[in-house]
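The chain contents come next:
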Amino acid sequence: MASTQTDTLHEDYETMRSGCGLLDRSERGKLALSGPDAVEFLNGQITNELVGLEPGEGRYAAFLTHKGKMLGDLRVLVVTGEEGPELLLDTERVSLQNLFDMIRRFKVGYRVELHKRTLESGLLSLIGPEAREVAGGDLGAGEHANAPVEIGGVKALAIRTDLGVDLLCEAGDTDALASALRERGASQVGEAAAECLRIESGRPRYGVDIDESTIPQEAGLNERAVSFTKGCYVGQETVARLFYKGKPNRHLRGLRLDCLAPAGEELLLGERIVGTLTSVAESPRLGPVGLALLRRESEPGAIVVGASGDVTAQVEALPFA
């Protein structure tokens, strides 16, 4: 059984490295905001700049406590709705309730309508160099660029990602869309192989690698998720002060492990606990790898050991080479 799982992992991994893998991610949390004040309202709640975005564009951002700690992260897409521009919000399922509660609490006084889309929408990910060819459509060059497409008679929104293309469709059309994508050359792949690529690229996952104890800069998210020129938003003071005047106590790092270890393993530099292993994968290219938020003295090149004594790892800068 173990050999079969390893063979499948390697096949899926190579598919995504050289072709196009297909993964169903419909469980992710999905909301929408409409109304004339939608952009103004959300811009005051999240870390990145939304003003000036046009339909077909998007942003990655975080939403924070007043102390600058992350309640979640999200992808914001601007699309053309029936009554004007609409914002589609995509987040980890674990942070969906936080996002929903934040919007419901603070939208009072704004002309904004909140729409639930998690169960109403399917989400398929195409991963690999052939993803754009399989998806078709006229996508812009930047991540989060989006455009409507029709594949096998199914209407969907194609969204550019760091590793390929996501497709958002009506929930009832998900199976038909997946079938049409396979006919175009996509191959079904498993979550384990997709996790390998995510870890190698150094992209943290909320609820796994980062949580409500994390400040965006600690996770290396400033460049992707934070604007330092926009107006005020919740948690801005802490984020700005750390960026301009301070140094984060922790940094998201990669780990080259000498063997697979369980997530949750505490890591020591010398005799001091410096972090906890959060994501782990058996990479066909690199061997056992992982992610961890480590104290800043655990610089790339340092050797850390598991508290159990069963694993040793070299700290790496991200993404993995």
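Before reading further, recall that the structure is shown in the block above.
I will try to describe carefully the structure that is included in this document. In this text the structure is predicted, and so the values were computed from the model without any measurement. Going along each chain's sequence as written, the residues are numbered from 1 onward. For this predicted model, a pLDDT threshold of at least 70 governs which residues receive local features, and a threshold of 80 or more governs which side-chain atom pairs are given and counted, while totals over whole chains, interfaces and linings are taken from all residues. As a convention, hydrogens and water are excluded, and side-chain values are obtained from all of the structure's heavy atoms.

1. Re a negative patch on the surface
For clarity, the threshold we go by: Patches here: salt-bridge-free residues with over 30% relative accessible area, like charges joined within 9 Å, nonpolar side chains (Val, Leu, Ile, Met, Phe, Trp, Tyr) joined within 5 Å. Accessible surface is estimated by sampling points in the Shrake-Rupley manner with a 1.4 Å probe; for residues, cover comes only from the protein chains shown. Should a side-chain nitrogen of Lys or Arg be within 4 Å of a carboxyl oxygen of Asp or Glu, the pair is scored as a salt bridge. When charges are counted, Lys and Arg contribute as positive and Asp and Glu as negative, whereas His and the chain ends are disregarded. Charge coordinates come from a single atom per side chain, which is NZ of Lys, CZ of Arg, CG of Asp or CD of Glu. Under the scheme used here, helices are H or I runs from DSSP no shorter than 4 residues and strands are E runs no shorter than 2 residues, and both carry numbers assigned from the N terminus.
On the surface, a cluster of negative charge is contributed by D24, E27, D175 and E191. Relative to the helices and strands, E191 is located in helix α6 (residues 191-201).

2. Looking at the sheet that holds strand β4 (residues 70-81)
Quick reminder of the rule: Only strands that DSSP links by at least two bridges are regarded as paired with each other. All axes here are fitted lines through C-alpha atoms, helices being fitted over the stretch that makes contact, and every angle between N-to-C directions spans 0 to 180 degrees.
A sheet is described by the order of its strands in space; here five strands give the open sequence β3-β4-β5-β2-β6, paired in antiparallel fashion. Looking at strand neighbours, the two that pair on one side only are β3 (58-64) and β6 (113-116), the edges of this open sheet. Shown here is a sheet whose adjacent strand axes are inclined to one another by a mean of 30°, direction ignored. Bridging between β3 and β4 involves seven bridges; their strand directions are antiparallel. Bridge pairing in β4 links R59 to V76.

3. So, the environment of T161
Inclusion rule: Whether two residues touch is decided by their heavy atoms; if any such pair falls within 4.5 Å, the residues are in contact. Two N or O atoms form a polar contact when they lie within 3.5 Å of each other; inside protein one atom must be a possible hydrogen donor and the other a possible acceptor, and for residues adjacent in sequence the pair counts only when both atoms belong to side chains.
Note that T161 resides in the loop between β9 (154-160) and β10 (164-170). Separated by 122 residues in sequence, T161 and V39 place their C-alpha atoms 22 Å apart. Beyond its immediate stretch of four places on either side in the chain, T161 contacts R75, E143 and D166. A polar contact is formed between the side chain of T161 and the backbone nitrogen of L163, at a distance of 3.3 Å. A distance of 2.8 Å separates a polar side-chain atom of T161 from the backbone nitrogen of G164.

4. Comments concerning the layout of surface pockets
The method is simple in principle: a probe with the dimensions of a water molecule rolls over the atoms, and the space it marks as empty is what remains. Quick note on the threshold: Space inside and on the surface of the protein is sampled on a 1 Å grid over the protein atoms alone, with a cavity defined as a set of points where a 1.4 Å probe fits but cannot get out and a pocket as an open set with protein on both sides within 12 Å along at least 5 of 7 lines; lining residues have an atom within 4 Å of a point. Grid points are joined across faces, edges and corners, and a volume is the space filled by probe spheres set on the points. As a working rule, the residues Ala, Val, Leu, Ile, Met, Phe, Trp, Tyr, Cys and Pro are called nonpolar, Asp, Glu, Lys and Arg charged, and the rest polar, with Gly in that last group.
The computed volume of the largest pocket comes to approximately 930 Å³. Lining the largest pocket are 39 residues; nearest its centre among them are V79, T80, E86, L88 and R117. When contributions to the lining of the largest pocket are tallied by element, the ones reaching two or more residues are β2 (29-34), β4, β5 (84-91), β6, β7 (121-127), β8 (146-151), β9 and β10. For the lining of the largest pocket, the leading source of residues is β5, giving six residues. Classifying every residue of the lining of the largest pocket by side-chain character gives 17 nonpolar, nine polar and 13 charged. The calculated volume of the second largest pocket comes to roughly 690 Å³.

5. What about helix α3 (residues 96-106)?
The criterion, for reference: When a residue's accessible area, from a 1.4 Å probe over protein chains only, is under 20% of the maximum for its type it is buried; when over 50% it is exposed; and in between it is partly exposed. The directions from the helix axis to the C-beta atoms form the arc being described.
For α3, the complete set of buried residues consists of L96, L99, F100, M102 and I103. Along the axis of α3, the buried positions cluster into a sector of 160°, meaning they face one direction only. Buried residues along α3 sit in contact with β2, α2 (38-43), β3, β4, β5 and β6.

6. So, the pairing of β10
The buried fraction of β10 amounts to six of the seven residues, a majority that puts the element mostly inside the structure. Relative to β10, β7 runs antiparallel, the two sharing seven bridges. Across the sheet, the residue bridging to S121 is E170, located in β10. In this structure, the hairpin formed by β9 and β10 is closed by a connection of three residues.

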